Amino acid sequence: MDAFILQILNGLDKGSAYALIALGLTLIFGTLGVVNFAHGALFMIGAFCAVFLQRILSLSFLTVDETRTDFLGNPMKVETPYVVDWFGPELGNAIIDWSVPLAILFAIPVMVFVGFVMERGLIKHFYKRPHADQILVTFGLAIVLQEIIKYFYGANPIPTPAPRALAGAFDIGTVIGFDANTIIYPYWRMIYFAFSLIIIGGVFGFLRYTTFGMVVRAGMADRETVGMLGIDIDRRFTLMFGIAAAVAGLAGVMYTPINPPNYHMGMDFLVLSFVVVVVGGMGSLPGAVLAGFLLGILESFASTSWATSALPGINQIIIYLVAIIVLLTRPRGLMGRKGVMEE
Amino acid sequence: MLGLSSKDTALLIIVALLALLAPVLLNPFPEASAMAQFNAGYPDLMQRFVIYGIFAIGFNILFGLTGYLSFGHAAFLGVGSYAAVWMFKLLSYNVVPAILLSVVVAGLFSVLIGYISLRRSGIYFSILTLAFAQMSFALAYSVLSNPKFNLTNGETGLQVYTDDPQIFHRAGLPDLPHFFGLSMRSTYTVDMGGWSFDFNAGYYLCAIILLVAFYMSIRIFNSPFGIMLRAIKSNQQRLNYTGLNSRPYTLAAFVISGMYAGLAGGLLAAMDPLAGAERMQWTASGEVVLMTILGGAGTLIGPILGAGFIKYFENIFSKINDNVLHQWFSFMPDGAEDFLVAIVHPFVGKGWHLTLGILFMLVVIFLPGGLVEGGQRIGRFVFRRNNRKGGGLEPDAKAKQPAE
């Protein structure tokens, strides 16, 4: 039983990332009808927002401290970050330590802006063209974005740790009545899960309870009629693209402590997120979230030692197998609506 | 000739001449000159031109004719390579059984994948083939290389070892892939003045197979079967309403293009007896899509052009480094030289993929018909100006700037 719960917990953090990316993909597909192969790149750009902010905050200047000497006997050179200099050692070091959570604030405007530029500058021109062209141009864009990041940050993963206060692990087992040290779960993964639930809830609430969201939902159902009612639906859809980009970006920001970001992390997640969207049902927001968590947990179960000893390598292919089975038996996905992209 | 119209015959002859004279044509600069780095006439690169040309021709039969965008064709290339290396390991280094088996295995594999993926179309088809290719990659990379059952040799890549059976291998035969005794690496070098031309046995084997493959693709394009495939592309629903079942046709196109990919994979292994899982990764599938689109999907010559273009510039661009750039711009004042080098630097050497991505986006945005359409537009432009008809000038797509 404790092993069972542990596997579910282990699946949650990856599942959260899948769910967030798939949610953004579905938002874009549902509103604009565009299949966005560059969505993984948005996830990666979000992660590099965190890296960028960390680098900015750690910018420092050198001073020579005459009172201490280094191992060669020369006066020691001390690096002092500017933030420490400005805010004093306590607050300054805390700011550097908390750079990843701070990056959330930084990433939201950046990602909305990136999404806005992408939609207005490129994707707008592809609404009328076939899906194959949309796939191809966004695929090209994904290559360009990831090569730009590679140019600036190199090919190696960049460690971006969580704040020290949150770096430990929590013994969940003792809370829910198991022995100590059976179910241990890192704080940050718990935070990631909670964070993703908040974002998902926020997006759903926004669509459900605001007038803006209502118009967007109406536009998803029937774009032309909404347009005829005198509503500028294109502008709202552009904003939705920005929101979808921000969701992917935030997923990336918060994922950096779990997995050090590198330039191709977006592509790695993208393929799986597509599978998630298809399993959940193209155009269905709850389906994307549900399938994201389900596949994340399934992957975690397939990685257990008894599963891999029964079928070696099952953890590598389980998601694809499930996707193929779902597509063949229930082509519109778990929660897909009838008539959406069913040809 | 050979059942082709005169236009297609001319095209075939041009391609044949280009392919057979490539060792000369691709070495236009003398060996010692500074431009020698732009020569492409060495066996390894020429083989890659031709092999990826075959791959792209096959992909074009599926994508160009039926409009089904497969994102998993590299899987067939990889399967073909593995099959060929297994033939080397079990029988002998003779390339004929290896290439035959690679085509057959890739064909069977594509029947399996095609039967499932072709139940869906559009974006679902792309994602299904992508999922299959990634699954094959995972299988080849880790699952099928456990000690109990080692089919792919995992990360190291499948290769021939001295203790392999090789039951038909005899003492007189070369210890490398050969065609009934003629080693694929044997090269006849001609020195003429400052030039030196390499005539390589492996390249000519690939070139002849390319010509056969190209001929077959022309025949498929012009056949009733090809017309049926085009009908599927233009309106599959209407075709179904007329009472025709389109699935056997799409499946046939899928299997044919899978066999072309397997043939390319087998040839890759025949030139260098090594098969690795990275050949199956989805970036490799993306590459063949790039080649076909860049050259011009749905045209006969486009895929070959695209494959040659990408492989050539991949090779040349990735060789250019800062020293070379400084040499080029050395005629300028120092400040301007450094400035230009700094601007060009991100796009060459390791940054070649950036150039490729930008190029690809530009082609998809402005030239959906690829290089072939670009050539036609330029041709029309020049032609019209010469005739002084004026009016309705075609915009020169290459002069436009990216939208971003």
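An unreviewed UniProt entry lists chain B under the name Branched-chain amino acid ABC transporter permease, from Brevirhabdus pacifica. Heading Subcellular location (unreviewed entry) of the UniProt record for chain B holds this comment: "Cell membrane".

Naming follows an unreviewed UniProt entry, where chain A appears as Branched-chain amino acid ABC transporter permease of Brevirhabdus pacifica. Of chain A, the UniProt comment under Subcellular location (unreviewed entry) reads exactly: "Cell membrane". Word for word, the UniProt comment on chain A under Sequence similarities (unreviewed entry) is "Belongs to the binding-protein-dependent transport system permease family. LivHM subfamily."

Asker: Help me out: how do you make sense of the overall build of chain A in this one?
Answerer: Regarding its fold elements, chain A presents 14 helices and four strands. By its C-alpha atoms, chain A is 75 × 50 × 35 Å across when sized along the principal axes. Summarising the internal contacts of chain A: among those between residues at least 6 apart in sequence, 72% fall at separations of at least 24. Within the structure as shown, chain A displays about 15300 Å² of accessible surface, and the carbon and sulfur contribution to it stands at 66%.

Asker: Is there a simple way to think about the packing of aromatic side chains in this case?
Answerer: Two descriptors summarise a pair of aromatic rings, namely the distance from one centre to the other and the angle between the planes of the rings. Summed over all chains, the structure comprises 34 aromatic pairs over all chains. Where Phe139 of chain A meets Trp282 of chain B, the ring centres are 5.8 Å apart and the plane angle is 55°; that geometry is what we call tilted. Taken together, the positions of Phe139 of chain A in helix α5 (residues 131-153) and Trp282 of chain B in helix α10 (residues 282-295) put the pair across two chains. Taken individually, Phe139 of chain A and Trp282 of chain B each receive the classification buried, so the pair is uniform in this respect.

Asker: Which parts of the structure should I look at to understand the confidence of the model for chain B?
Answerer: Low-pLDDT stretches of the model should not have their predicted coordinates read in fine detail. Residue and element names in this part refer to chain B. Put simply, chain B has an average pLDDT of 85, and 95% of its residues get 70 or more. Taken element by element, chain B is modelled with least confidence in helix α12 (residues 322-328), mean pLDDT 75, and with most confidence in helix α9 (residues 247-271), mean pLDDT 94. Every residue in residues 390-404 scores below 50 in pLDDT, and together they form 19 contacts with partners more than four places removed in sequence or on other chains.

Asker: Explanation requested: the packing of helix α5 (residues 95-117) of chain B against helix α6 (residues 122-143) of chain B in the structure shown.
Answerer: In a pair of packed helices, the angle between the axes and the distance between the axes together describe the arrangement. Residue and element names in this part refer to chain B. Between α5 and α6, the shortest axis-to-axis distance is 10 Å and the interhelical angle comes to 140°. Comparing their axes, α6 and α5 come out oblique. As for how α5 packs across α6, the hand of that crossing is right-handed. Listed contacts from α6 to Phe109, Ile113, Ile116 and Ser117 of α5 are Phe125, Leu128, Thr129, Phe132 and Ser136. Split into classes, the residues belonging to the contact of α5 with α6 amount to six nonpolar, three polar and no charged.

Asker: Looking at this model, I keep getting lost on the packing of helix α1 (residues 2-32) of chain A against helix α7 (residues 187-209) of chain A. Mind explaining?
Answerer: Residues and elements named next belong to chain A. The interhelical angle for the contact between α1 and α7, taken along N-to-C directions, is 25°, at an axis separation of 8 Å. Between α1 and α7, the angle is such that the two are roughly parallel. Read as a crossing pair, α1 and α7 show a hand that is left-handed. Touching Leu12, Asp13, Ser16, Ala17, Ala19, Leu20, Leu23 and Leu27 of α1 are Arg189, Tyr192, Phe193, Ser196, Ile199, Ile200, Val203, Phe204 and Leu207, all from α7. Tallied by class, residues from the contact of α1 with α7 come to 13 nonpolar, two polar and two charged.

Asker: I tried to follow helix α7 (residues 201-222) of chain B on my own but got confused; where do I start?
Answerer: Every α-helical turn comprises 3.6 residues, leaving residues that sit three or four positions apart pointing alike. Residues and elements named next belong to chain B. The first and last C-alpha atoms of α7 sit 32 Å apart over 22 residues, in line with the 32 Å expected at 1.5 Å per residue. Across the 22 residues that make up α7, a large majority, 16, are buried. Between the side-chain oxygen of the N-cap and the backbone nitrogen of Gly202 there are 3.0 Å, and the N-cap of α7 in question is Asn200.

Asker: Explain the nonpolar core to me, please; I cannot follow it from the model alone.
Answerer: A general feature of soluble globular proteins is that nonpolar side chains tend to end up buried together. Within the largest apolar cluster, 236 residues are counted, with the highest numbers of intra-cluster contacts made by Phe37 and Phe139 of chain A together with Ile54, Leu69, Leu267 and Trp282 of chain B. At 15 residues, the largest contribution of residues to this core is made by α1 of chain A. With near-sequence residues (within four places) excluded, Leu69 of chain B lies in contact with Ala132, Ile135 and Leu136 of chain A together with Phe59, Phe63, Phe125, Ser126, Thr129 and Val289 of chain B.

Asker: Is there a simple way to explain the side chain of Gln7 of chain A in this structure?
Answerer: All names here are of chain A. Locating Gln7 in the fold gives a position in helix α1. Judged by relative accessible area, which is 16%, Gln7 ranks as buried. Discounting residues that sit within four places of it in the chain, Gln7 has contacts with Ser300, Phe301 and Thr304.

Asker: Any chance you could explain the confidence of the model for chain A here in plain terms?
Answerer: Chain-level statistics for chain A give a pLDDT mean of 85 and a share of 98% at 70 or above. Looking over chain A, one finds the lowest element-wise mean pLDDT in helix α6 (residues 172-175) of chain A, namely 74, and the highest in α7 of chain A, namely 92.

Asker: Would you take a moment to explain the interface of chain B and chain A for this structure?
Answerer: A common measure of how large an interface is: the accessible area buried when the components associate. Taken together, the contacts link 42 residues of chain B with 41 residues of chain A. A combined buried area of about 3800 Å² lies between chain B and chain A, and 79% of that area is made up of carbon and sulfur atoms. Considering only the surface of chain B that becomes buried against chain A, Ile123, Tyr124 and Trp282 of chain B emerge as the three largest contributors, covering 18% of it. Inspection of the chain B/chain A interface yields zero salt bridges. Between chain B and chain A we count two residue pairs in polar contact (both at pLDDT 80 or more) in total. Contributions of two or more residues to the side of chain B that touches chain A are made by α6, α10 and α14 (352-366) of chain B. Examining the composition of the side of chain B that touches chain A, we find that 15 residues originate from one element, α6 of chain B, more than from any other. Within the side of chain B that touches chain A, the residues separate by chemical class into 28 nonpolar, 10 polar and four charged.

Asker: Would you mind going over the environment of Ile320 of chain B with me for this structure?
Answerer: All names here are of chain B. By the secondary structure assignment, Ile320 is in the loop between α11 (302-319) and α12. Overall, Ile320 belongs to the buried group, its relative accessible area being 7%. With 28 residues separating them in the primary sequence, Ile320 and Val348 have C-alpha atoms 6.1 Å apart.

Asker: For this particular structure, what's the right way to read the pattern of salt bridges?
Answerer: Oppositely charged side chains are able to pair whenever their charged atoms sit close together. All names here are of chain B. With the rule as written, the count across this model stands at 12 salt bridges over all chains. Salt-bridge contacts for Asp164 lead to Lys89; the nearest nitrogen and oxygen are separated by 3.4 Å. You can see Asp164 sitting in the loop between β3 (158-159) and β4 (178-179) and its partner Lys89 sitting in helix α4 (residues 74-90), a full 75 residues away along the chain. Across this residue pair, the class does not change: Asp164 and Lys89 are buried. Between Lys311 and Glu314 there is a salt bridge whose closest N-O contact spans 3.1 Å. Here Glu314 and Lys311 lie together in helix α11, a separation of three residues that amounts to about one turn. The structure contains a network of salt bridges with shared partners spanning Glu287, Lys311 and Glu314.

How each quantity is defined
Residues numbered from 1 in each chain as written. Chains lettered and ligands numbered in written order. Predicted model: local features only at pLDDT ≥ 70, side-chain atom pairs only at ≥ 80, totals over all residues. Heavy atoms only, no water. UniProt positions renumbered as here; feature names shortened; annotations may be inferred. Helix = DSSP H or I, 4+ residues; strand = E, 2+ residues; numbered from the N terminus. Contact = heavy atoms within 4.5 Å. Areas by Shrake-Rupley, 256 points an atom, 1.4 Å probe, with all protein chains shown as cover. Phe/Tyr/Trp six-rings, centres within 6.5 Å; stacked < 30°, edge-to-face > 60°. Buried < 20%, exposed > 50% of the residue type's maximum accessible area, 1.4 Å probe, protein only. pLDDT = per-residue confidence, 0-100. Axes fitted to C-alpha atoms, helices over the stretch in contact; angles between N-to-C directions. Parallel < 35°, antiparallel > 145°, perpendicular 65-115°, else oblique. Left-handed = near helix turned anticlockwise from the far one by under 90°. Nonpolar A, V, L, I, M, F, W, Y, C, P; charged D, E, K, R; others polar. Expected span 1.5 Å × (residues − 1). Polar contact = N/O pair within 3.5 Å; in protein donor to acceptor, adjacent residues only side chain to side chain. Core = buried A, V, L, I, M, F, W, Y, C linked by side-chain atoms within 4.5 Å. Buried area = accessible area lost by both parts, 1.4 Å probe. Salt bridge = Lys/Arg side-chain N within 4 Å of Asp/Glu carboxyl O.

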